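# Understanding the architecture of this molecule
Here is how the chains run, residue by residue.
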Amino acid sequence: MPNLSCGIVGLPNVGKSTLFNALLKKAAAAAANYPFCTIDPTVGIVDMEDERLAALSKLSNSAKIIPATVTFVDIAGLVAGASKGEGLGNQFLANIRETDAIVHVVRCFENDDVIHVAGKVDPISDIEVINLELILADLQMAENTFSKLEKKMRGDKKLGEAVEVLKKAIGYLNDNSSLRQCEFSDEELEILANYSFLTLKKVIYLANVSENDLPEMENAYVRLVREFAKKEGSEVIPICAKLEEELAQLSEEEAKEYLESVGLKQTGLGRLVKAAFKTLGLINYLTTGEQETRAWTVREGSTAQEAAGEIHTDIKKGFIRAEVVPFDDMISLGGRGKAREAGKARSEGKEYIVKDGDVILFFHN
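For the structure given in this document, a descriptive report is provided here. (Residues numbered from 1 in each chain as written. Predicted model: local features only at pLDDT ≥ 70, side-chain atom pairs only at ≥ 80, totals over all residues. Heavy atoms only, no water.)

### Some thoughts on unusual backbone geometry
In this structure, the amide linkage connecting Leu214 to the following residue, Pro215, adopts the cis form with an omega of -5 degrees. Within the fold, Pro215 resides in the loop between strand S6 (202-208) and helix H7 (220-231). In the Ramachandran plot, Asn13 falls in the positive-phi region, its phi being about 65 degrees despite a non-glycine side chain. Looking at where Asn13 falls in the secondary structure, it is placed in the loop between strand S1 (5-9) and helix H1 (16-24). Relative accessible area serves as the criterion here: at 13%, Asn13 is assigned to the buried category. Of note in the backbone geometry, Asn61 takes a positive phi value of approximately 60 degrees without being a glycine. Judged by relative accessible area, Asn61 falls into the exposed class, the value being 64%. (Helix = DSSP H or I, 4+ residues; strand = E, 2+ residues; numbered from the N terminus. Buried < 20%, exposed > 50% of the residue type's maximum accessible area, 1.4 Å probe, protein only.)

### Quick word on the side chain of Thr99
Among the secondary structure elements, Thr99 is positioned in the loop between helix H3 (89-97) and strand S5 (101-107). Thr99 sits in the buried class, given a relative accessible area of 4%. Reaching out from Thr99, the side chain makes a polar contact with the backbone oxygen of Ala101 at a distance of 3.5 Å. Contacts of Thr99, omitting those with residues within four sequence positions, involve Ser5, Cys6, Gly7, Val73 and Lys201. (Polar contact = N/O pair within 3.5 Å; in protein donor to acceptor, adjacent residues only side chain to side chain. Contact = heavy atoms within 4.5 Å.)

### Things to note about a positive patch on the surface
Positive charge collects at one region of the surface, where Lys148, Lys151, Lys152 and Arg154 lie side by side. Among the structural elements, Lys148 can be located in helix H4 (residues 123-153). (Patch = residues over 30% accessible without salt bridge, like charges linked within 9 Å, V, L, I, M, F, W, Y side chains within 5 Å. Areas by Shrake-Rupley, 256 points an atom, 1.4 Å probe, with all protein chains shown as cover. Salt bridge = Lys/Arg side-chain N within 4 Å of Asp/Glu carboxyl O. Lys, Arg positive; Asp, Glu negative; His and termini not counted. Charge placed at Lys NZ, Arg CZ, Asp CG, Glu CD.)

### Some details on the packing of aromatic side chains
One pass over the full model with this rule turns up 6 aromatic pairs. Judged by centre distance (5.4 Å) and plane angle (80 degrees), the ring pair of Tyr172 and Phe184 falls under edge-to-face. One end of the pair, Tyr172, is in helix H5 (residues 159-174); the other, Phe184, is in the loop between H5 and helix H6 (186-192), and 12 residues separate them in sequence. Here Tyr172 falls in the partly exposed class, since its relative accessible area comes to 22%. The buried category is assigned to Phe184, whose relative accessible area is 13%. Judged by centre distance (6.5 Å) and plane angle (15 degrees), the ring pair of Tyr285 and Trp296 falls under stacked. Highlighted residues: Tyr285 in strand S8 (residues 282-288) and Trp296 in strand S9 (residues 292-299), separated in sequence by 11 residues. One exposure class covers both Tyr285 and Trp296, and it is buried. In textbook terms, an aromatic cluster arises when at least three aromatic residues are bridged by ring pairs, as seen for Tyr285, Trp296, Phe319 and Phe362. It is Arg321 that lies over the ring of Phe363; its NZ or CZ is 4.0 Å from the centre. (Phe/Tyr/Trp six-rings, centres within 6.5 Å; stacked < 30°, edge-to-face > 60°. Lys NZ or Arg CZ within 6 Å of the ring centre and 35° of its normal.)

### Here we look at the nonpolar core
Soluble globular proteins tend to pack their nonpolar side chains together in the buried interior. Core analysis: the biggest nonpolar cluster contains 74 residues, and Phe72 and Tyr205 have the highest contact counts within it. Leave out the neighbours within four places in its chain, and Phe72 touches Cys6, Ile8, Phe20, Leu23, Thr42, Val43, Gly44, Val46, Val103, Leu272 and Val273. (Core = buried A, V, L, I, M, F, W, Y, C linked by side-chain atoms within 4.5 Å.)

### Considering the packing of helix H8 (residues 241-248) against helix H9 (residues 252-261)
Two numbers describe how H8 lies on H9: the axes approach to 9 Å, and their chain directions differ by 150 degrees. Compared by their axis directions, H8 and H9 come out roughly antiparallel. Touching Leu243, Glu246 and Leu247 of H8 are Ala255, Tyr258 and Leu259, all from H9. Here the residues of the contact of H8 with H9 sort into 5 nonpolar, no polar and 1 charged. (Axes fitted to C-alpha atoms, helices over the stretch in contact; angles between N-to-C directions. Parallel < 35°, antiparallel > 145°, perpendicular 65-115°, else oblique. Nonpolar A, V, L, I, M, F, W, Y, C, P; charged D, E, K, R; others polar.)

### Some details on the environment of Val129
Secondary-structure assignment places Val129 in helix H4. Judged by its relative accessible area of 26%, Val129 is partly exposed. Taking the C-alpha atoms as reference points, Val129 and Leu11, 118 residues apart in sequence, are found 8.4 Å from one another.

### Let's talk about the sheet that holds S5
The mixed open sheet is built from 6 strands, whose spatial order is S2-S4-S1-S5-S6-S7. Sheet topology places strand S2 (42-47) and strand S7 (235-239) at the edges, where each strand pairs with a single neighbour. Taken pair by pair, the neighbouring strands of this sheet meet at an average axis angle of 25 degrees, ignoring direction. Helix H10 (residues 268-279) contacts S1, S2, strand S4 (69-74), S5, S6 and S7 of the sheet and is inclined by roughly 170 degrees relative to S7. (Pairing = 2+ DSSP bridges.)

### Section: helix H2 (residues 51-60)
Within H2, the full set of buried residues consists of Arg52, Leu53, Leu56, Ser57 and Ser60. The buried residues of H2 occupy an angular sector of 130 degrees when projected down its axis, which confines them to one face. Opposite the buried face of H2, by more than 90 degrees, sit the exposed residues Glu51 and Lys58. The elements touched by buried residues of H2 are strand S3 (64-66), S8, S9, helix H13 (327-333) and strand S12 (358-364). A positive backbone phi angle near 60 degrees is found at Asn61, which sits one or two residues after H2. (Arc of directions from axis to C-beta.)

### Overview of the environment of Lys242
Inspection of the secondary structure puts Lys242 in helix H8. With 31 residues separating them in the primary sequence, Lys242 and Glu211 have C-alpha atoms 7.3 Å apart.

Structure (structure tokens):
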């Protein structure tokens, strides 16, 4: 399964560790009112909220439910100069390289009791400080790779294409541009994918607001972040880290009641996990039976045979066909048997493109 991982970044004291504690439903990161209280990247695996699984499990009388998950890596507070090793720079930049996407927590609240690393609340300046560090780290890597390839190229003309693309990337980075905002052809992006450029990663901006901004979670700071994110095609999710931390201490039932009492339908973390899937072009197909009901994560556009390989390589190799019932039909008709009788269970071959919410039964040798 594409093990989806997101690195949580942000300047010190923007609410990152508070959010991470909520993610882990326990105080895994030492939330303290000073920079560098989070030294080792802490890893938390979070379930994706998906009501479809409970509904299918009820139909199949499943012994267990296995949801899709996202891995979040808490990356210690980056500061200006991180790319030169300031603060705990290089170590954390390496941690970000290993993730699929970046979740950038931005402070969008005023609070005299929580010190701001720059002395004032300015979300765009905060975003630019971190972006610049990522750009500088990419520039350093691109220049080092470029000079190595240029030497090798003398004996291998094939490397010429990679050298040209790196040259183009260096030009953009020198203009202080994140690579995700720049013009590259599909072929060039394929070459760049061989190097783990930080500024090519998709970003989700988490605008951290105060409890006074509930339930709308809109304020002048959030609007500034939206304008900034729109230019680079990134998503913004307003969240109240303090509320998320409080919700994490409650039972599911209590949390639901508390959310409703402040006028909200879904937790911020639930919205974040769904946004991470969408941003990375991932979907879930479902399987259900007496043993388990489970969500399987695949890239959008995956074929039935590729999806079968998520369960087991033998199923992929011996693939005969897939019996597909859309989730809504499965529930409204009361199970696979009834769906077959109603002609709603389709038989699909190995090239069928799997859709989110397909309930699939694979037949194989």
